[in-house]
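Here are the chains, one letter per residue:
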Amino acid sequence: MICSGVCSLMLIKLGVNSGFSARSCMLASPAVFRRQEFLIRCLGVKSMAGPTSEADAENILRAITPPLDHSKHKGQAGKIAVVGGCREYTGAPYFAAISALKIGADLSHVFCTKDAAPVIKSYSPEIIVHPILEESYSVRDEDRASISAKVLAEVDKWMERFDCLVVGPGLGRDPFLLDCVSEIIKHARESNVPILIDGDGLFLVTNSLDLVSGYPLAVLTPNVNEYKRLVQKVLNCEVNDEDAHGQILSLAEQIGGVTILRKGKSDLITDSKTVKSVSIYGSPRRCSGQGDILSGRQVVAIFISWARKLTVAPDWDTRISPKNPTILGCIAGSTLLRKAASLAFEDKKRSTLTTDIIECLGRSLEDICPVK
Ligand SMILES: NC(=O)C1=CN([C@@H]2O[C@H](COP(=O)(O)OP(=O)(O)OC[C@H]3O[C@@H](n4cnc5c(N)ncnc54)[C@H](OP(=O)(O)O)[C@@H]3O)[C@@H](O)[C@H]2O)[C@@H](O)CC1
Ligand SMILES: Nc1ncnc2c1ncn2[C@@H]1O[C@H](COP(=O)(O)OP(=O)(O)OP(=O)(O)O)[C@@H](O)[C@H]1O
Ligand SMILES: [Mg+2]
């Protein structure tokens, strides 16, 4: 009691009362600011940027990874789909789709443009590829409505079966294609399918926030550029790393309680109520495609689908926190990708590529959560 009273007094003296903000911090001179930070750390108070706490990453990953057993049939460990892949980008949807299979999903589909399909199929026979999307250059104006309806009907045939839809890896920014994808998102929402938005899917959603606004099963996974665009559009200001916690909370709240995973040195994850960070493992290599693994993000996608099934099961360990399956999925996906990246880097150093990281996904999961 005495200690907490003294702490409160000292904090008030330091300005750490309810009126204290990142802004007042920035107004103090750097020396004063550093002294305040040091004293606050000594008093055991969390960072001024907000009470973001490090997730209990490995335990969460272990808790939501389902055991392997002989009684299960194909599909029960997860059916995931990626909407992405166009003339320019065939790697991104492939990375996303193969990552899900590598960590234990049973089926991985890709819905892409006709040009991208043979290329993606040639990377791997395991991925089910649907060459259904069209870009403006191949569609006459008078055919747009009928082609759009055909695309939607094709995706709808499968929609209810998917445990998670990943929208955006390698999608491109063609306006007609993005219109069709907007309709796919609306249908996924009506079917209550979790939707993970990455890459060009974030470009689409940033310009049409209604697509995900208020949908608790939407997960946005922005990189540094994508986050900047979201903050500018939604909060009408610039990214403020002094108040990373407060800003990501406001962002998720303004978009109606979606989950956001901000990729970076530490991955920050929020559902507008709580903020968790994942900082363990990782690699100094920033080769392109790593974000696609995470949306392998299907990695996140598959963990979300596992977490959704488990959190409603009667034997779910209620001590696992947080409770929201989208947050749990993000924490597990981020942890696994960072571990795989660190293993790949140990081996390949500067020449580490995304394909090397994908090869380490299985070993990383086995290290943290061995098959019994
Ligand atoms: N192997 C593959 O197939 C991979 C494919 N990938 C796929 O690439 C897509 C874009 O993802 P990314 O990560 O490059 O996007 P990001 O950081 O916002 O942009 C960086 C800079 O580029 C620019 N810019 C981008 N697109 C533009 C466009 N169409 N037209 C004009 N400018 C454009 C952008 O400019 P800005 O939008 O800020 O004006 C920014 O300055 C996405 O679908 C992803 O999945 C990646 O996952 C990697 C592996
Ligand atoms: N500075 C960093 N230090 C350590 N890890 C990082 C750093 N930046 C990103 N990462 C990790 O790499 C993963 C991919 O993030 P990145 O920002 O490269 O995504 P991206 O730009 O969408 O990738 P992609 O090229 O696939 O589109 C993140 O989940 C994060 O864990
Ligand atoms: Mg990306």
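Here we summarise the structure given alongside this text. Nothing here was measured: the structure is a model prediction, and the numbers come from that model.

1. Looking at the site of ligand 2
Here's step 1: In the vicinity of ligand 2, 16 residues are found, and the nearest of them are Asn223, Lys263, Asp267, Gly289 and Gly291.
Here's step 2: Between ligand 2 and the protein, one listed contact pairs an oxygen atom with a backbone N or O atom of Asp292 at 3.0 Å.
Here's step 3: Note that an oxygen atom of ligand 2 is positioned 3.0 Å from one of the side-chain N or O atoms of Arg338.
Here's step 4: Isolated, ligand 2 exposes 630 Å² of accessible area, and the fraction of that covered by the protein chains is 79%.
Here's step 5: If you list the elements that add at least two residues to the shell around ligand 2, you get helix H12 (290-295) and helix H14 (325-348).
Here's step 6: Top element by residues in the shell around ligand 2 is H12. It accounts for four residues.
Here's step 7: Within the shell around ligand 2, the residues separate by chemical class into two nonpolar, seven polar and seven charged.

2. Points about H14
Here's step 1: Its 24 residues give H14 an end-to-end C-alpha distance of 34 Å, which sits within 8% of 34 Å, the value for a rise of 1.5 Å per residue.
Here's step 2: Of all 24 residues in H14, 20 are buried, a share of seventy percent or more.
Here's step 3: Where H14 ends, the next residue or the one after it, Lys349, has phi of about 45°, a positive value.

3. Remarks on helix H6 (residues 116-123)
Here's step 1: All of the buried residues along H6 are Ala116, Ala117 and Ile120. When H6 is viewed along its axis, its buried side chains cluster within an angular range of 95° and face the same direction. Projecting away from the buried face of H6 at angles above 90 degrees are the exposed residues Pro118 and Ser122.
Here's step 2: Residues of H6 that are buried sit in contact with helix H5 (91-103), strand E3 (107-113) and strand E4 (128-133).

4. Quick word on the site of ligand 1
Here's step 1: The immediate surroundings of ligand 1 are formed by 16 residues, with Gly170, Asp200, Asn225, Arg229 and Asp292 found nearest.
Here's step 2: Taking Asn223, its side chain carries an N or O atom lying 3.1 Å from an oxygen atom of ligand 1.
Here's step 3: Asp292 places a side-chain nitrogen or oxygen 2.6 Å from an oxygen atom of ligand 1.
Here's step 4: Contact with the protein chains removes 58% of the 870 Å² of surface that ligand 1 exposes when unbound.
Here's step 5: Elements with a contribution of two residues or more to the shell around ligand 1: H5 and helix H10 (224-234).
Here's step 6: When the residues that make up the shell around ligand 1 are grouped by side-chain class, the tally is four nonpolar, eight polar and four charged.

5. Section: the sheet that holds E4
Here's step 1: Sheet architecture is open: 10 strands sit in the order E1-E10-E9-E8-E7-E6-E5-E2-E3-E4, paired in mixed fashion. With one partner strand each, in any of the chains shown, strand E1 (53-54) and E4 form the two edges of the open sheet.
Here's step 2: Pairing of E3 with E4, which is carried by five bridges, proceeds in the parallel orientation. Among the inter-strand pairings, His109 is bridged to a residue of E4, identified as Ile128.
Here's step 3: Sheet contacts for H14: strand E7 (218-220), strand E8 (259-262), strand E9 (267-270) and strand E10 (275-278); angle to E9, the most-contacted strand, approximately 170°.

6. Re the pairing of strand E2 (residues 79-83)
Here's step 1: Counting buried positions along E2 gives four out of five residues, so the element sits mostly inside the fold.
Here's step 2: Sheet analysis places E2 next to E3, joined by five bridges and oriented parallel. From the neighbouring strand, Val82 faces E3, where its bridge partner is Val110.
Here's step 3: On the question of chirality, the crossover connecting E2 to the parallel E3 by way of H5 is right-handed.
Here's step 4: Across four bridges, the pairing between E2 and strand E5 (residues 164-167) is parallel. What sits directly across from Ile80, in E5, is Cys164.

7. A few points about the packing of H10 against helix H11 (residues 244-254)
Here's step 1: It is at 10 Å that the axes of H10 and H11 come closest, and there the two elements cross at 65°. With respect to the hand of their crossing, H10 and H11 are arranged in left-handed fashion. Residues Tyr227, Leu230, Val231 and Val234 of H10 form the contact with H11, whose participating residues are Gln247, Ile248, Leu251 and Gln254.

8. Quick look at the pattern of salt bridges
Here's step 1: Summed over all chains, the structure comprises 14 salt bridges.
Here's step 2: Note that Asp356 is salt-bridged to Lys348, the shortest N-O span being 3.1 Å.
Here's step 3: Residues participating in the shared-partner salt-bridge network are Arg140, Glu142 and Asp143.

9. Some thoughts on the environment of Leu336
Here's step 1: Among the secondary structure elements, Leu336 is positioned in helix H14.
Here's step 2: Distance from Leu336 to Thr352, taken between C-alpha atoms, is 17 Å for residues 16 residues apart in sequence.

10. Observations concerning the pairing of E10
Here's step 1: By the alternation rule, side chains of E10 split into Val275 and Ser277 and Lys276 and Val278, which are all buried.
Here's step 2: Note: E1 against E10, two bridges, orientation parallel. Its bridge partner being in E10, Ser53 is matched across the sheet by Lys276.
Here's step 3: Where E9 and E10 come together, four bridges link them in antiparallel fashion. In the strand pairing of E10, Leu268 is matched with Ser277.
Here's step 4: Taken together, E9 and the strand that follows it, E10, pair antiparallel across an intervening segment of four residues, in which Ser272 is found at a positive phi of about 85°.

Here is what the cut-offs are and how they apply
- Residues numbered from 1 in each chain as written.
- Chains lettered and ligands numbered in written order.
- Predicted model: local features only at pLDDT ≥ 70, side-chain atom pairs only at ≥ 80, totals over all residues.
- Heavy atoms only, no water.
- Near = heavy atom within 4 Å.
- Polar contact = N/O pair within 3.5 Å; in protein donor to acceptor, adjacent residues only side chain to side chain.
- Areas by Shrake-Rupley, 256 points an atom, 1.4 Å probe, with all protein chains shown as cover.
- Helix = DSSP H or I, 4+ residues; strand = E, 2+ residues; numbered from the N terminus.
- Nonpolar A, V, L, I, M, F, W, Y, C, P; charged D, E, K, R; others polar.
- Expected span 1.5 Å × (residues − 1).
- Buried < 20%, exposed > 50% of the residue type's maximum accessible area, 1.4 Å probe, protein only.
- Arc of directions from axis to C-beta.
- Contact = heavy atoms within 4.5 Å.
- Pairing = 2+ DSSP bridges.
- Axes fitted to C-alpha atoms, helices over the stretch in contact; angles between N-to-C directions.
- Right-handed = clockwise from strand over helix to strand, strands pointing away.
- Left-handed = near helix turned anticlockwise from the far one by under 90°.
- Salt bridge = Lys/Arg side-chain N within 4 Å of Asp/Glu carboxyl O.

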